[in-house]
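Below are the chains, spelled out letter by letter.
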Amino acid sequence: MLCKNEVIRRADELNKTAAKLMPLPDGLTQPEQLLYKSLCFVYRDYKIGKLTYEQARKEKQELYKAYTDAAYSLDMWRTYQKIVNVFRHKQYEIKNNGCEVCRSLERLLCGLK
């Protein structure tokens with residue numbers, strides 16, 4: 001699971017590169033891509049005078065919040081997928097030999113009501 005410091009550290013790394021208006025780095029997750037490109041637009045608009053310093057700062061804060069939410073959502077989805085895969089691989093075993101709690105979890109997670 002992600003921790004807050006890790007998410008903020010990654011956002012700061014992307015921010016430094018975006019400030020230089022460099023091309024999109026390879027291997028980014030979708031939330032990272034969206035943050036990076038959005039930050040590039042904010043920096044570009046600030047540099048050409050379309051945004052004031054205060055407007056750019058506010059937009060950057062909003063982008064960081066949205067990125068944090070998206071990064072956590074993606075991490076939760078990936079964690080959920082790992083759990084479901086464990087239950088799917090053990091499905092036969094759980095159905096026939098598992099306790100009632102395991103059978104209930106298996107039905108819930110795998111959509112087998």
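Preceding this section is the structure that the text describes.
So, how was this worked out
- Residues numbered from 1 in each chain as written.
- Predicted model: local features only at pLDDT ≥ 70, side-chain atom pairs only at ≥ 80, totals over all residues.
- Heavy atoms only, no water.
- Core = buried A, V, L, I, M, F, W, Y, C linked by side-chain atoms within 4.5 Å.
- Buried < 20%, exposed > 50% of the residue type's maximum accessible area, 1.4 Å probe, protein only.
- Helix = DSSP H or I, 4+ residues; strand = E, 2+ residues; numbered from the N terminus.
- Contact = heavy atoms within 4.5 Å.
- Salt bridge = Lys/Arg side-chain N within 4 Å of Asp/Glu carboxyl O.
- Patch = residues over 30% accessible without salt bridge, like charges linked within 9 Å, V, L, I, M, F, W, Y side chains within 5 Å.
- Areas by Shrake-Rupley, 256 points an atom, 1.4 Å probe, with all protein chains shown as cover.
- Phe/Tyr/Trp six-rings, centres within 6.5 Å; stacked < 30°, edge-to-face > 60°.
- Expected span 1.5 Å × (residues − 1).
- Polar contact = N/O pair within 3.5 Å; in protein donor to acceptor, adjacent residues only side chain to side chain.

**Focus on the nonpolar core**
Within soluble globular proteins, side chains that are nonpolar generally end up buried alongside one another. Counting 13 residues, the largest nonpolar core has Ala18, Leu35, Tyr36, Leu39 and Tyr67 as its most contacted members. Broken down by secondary-structure element, the contributors of at least two residues to this core are α1 (4–19), α2 (30–47) and α3 (53–89). A per-element tally of this core places α2 first, with five residues. In this structure, Ala18 is in contact with Tyr36, Leu39, Cys40 and Tyr43, ignoring residues within four places of it in sequence.

**Description of the pattern of salt bridges**
On inspection of all chains with the given rule, the structure shows six salt bridges. Among the ionic pairs, Asp45 bridges to Arg44, the shortest N-O distance being 3.0 Å. What makes Arg44 partly exposed here is its relative accessible area of 36%. As a salt-bridge pair, Glu54 and Arg57 come within 2.4 Å of each other at their nearest N and O atoms. Here Glu54 pairs with Arg57, and both are found in helix α3, just three residues apart, close to one helical turn.

**A look at the environment of Trp77**
Looking at where Trp77 falls in the secondary structure, it is placed in helix α3. With relative accessibility at 51%, the residue Trp77 sits in the exposed group. It is 25 Å that separates the C-alpha atoms of Trp77 and Glu100, two residues lying 23 residues apart in sequence.

**Focus: a nonpolar patch on the surface**
Residues Val101, Leu105 and Leu108 make up a contiguous nonpolar surface patch of about 300 Å² in total accessible area. Note that Leu108 resides in helix α5 (residues 100–110).

**Side note on the packing of aromatic side chains**
Considering all chains together, one arrives at two aromatic pairs under this definition. When the ring of Tyr46 is compared with that of Tyr53, the centres are 6.3 Å apart and the planes differ by 70°; the resulting orientation is edge-to-face. A relative accessible area of 37% places Tyr46 in the partly exposed class.

**Considerations on α2**
For α2, which comprises 18 residues, the first-to-last C-alpha distance of 26 Å matches the rise-based estimate of 26 Å (1.5 Å per residue) to within 8%. Those residues of α2 lying buried are Pro31, Glu32, Leu35, Tyr36, Leu39, Cys40, Val42, Tyr43 and Asp45. Gly49 lies just past α2 and shows a positive phi near 90°.

**Regarding the environment of Ala71**
Relative to the assigned elements, Ala71 resides in helix α3. Residues Ala71 and Gln30, spaced 41 residues apart in sequence, show a C-alpha to C-alpha distance of 8.7 Å. Every residue in contact with Ala71, bar those within four places of it in the chain, is listed here: Leu2, Val7 and Pro31.

**Here we look at the side chain of Asn15**
Mapped onto the elements of the fold, Asn15 is located in helix α1. Asn15 gets classed as buried once you look at its relative accessible area, which sits at 9%. A polar atom in the side chain of Asn15 sits 2.7 Å from the side chain of Tyr43. The residues touching Asn15, leaving out its near neighbours within four places in the chain, are Leu39, Tyr43, Lys60 and Tyr64.

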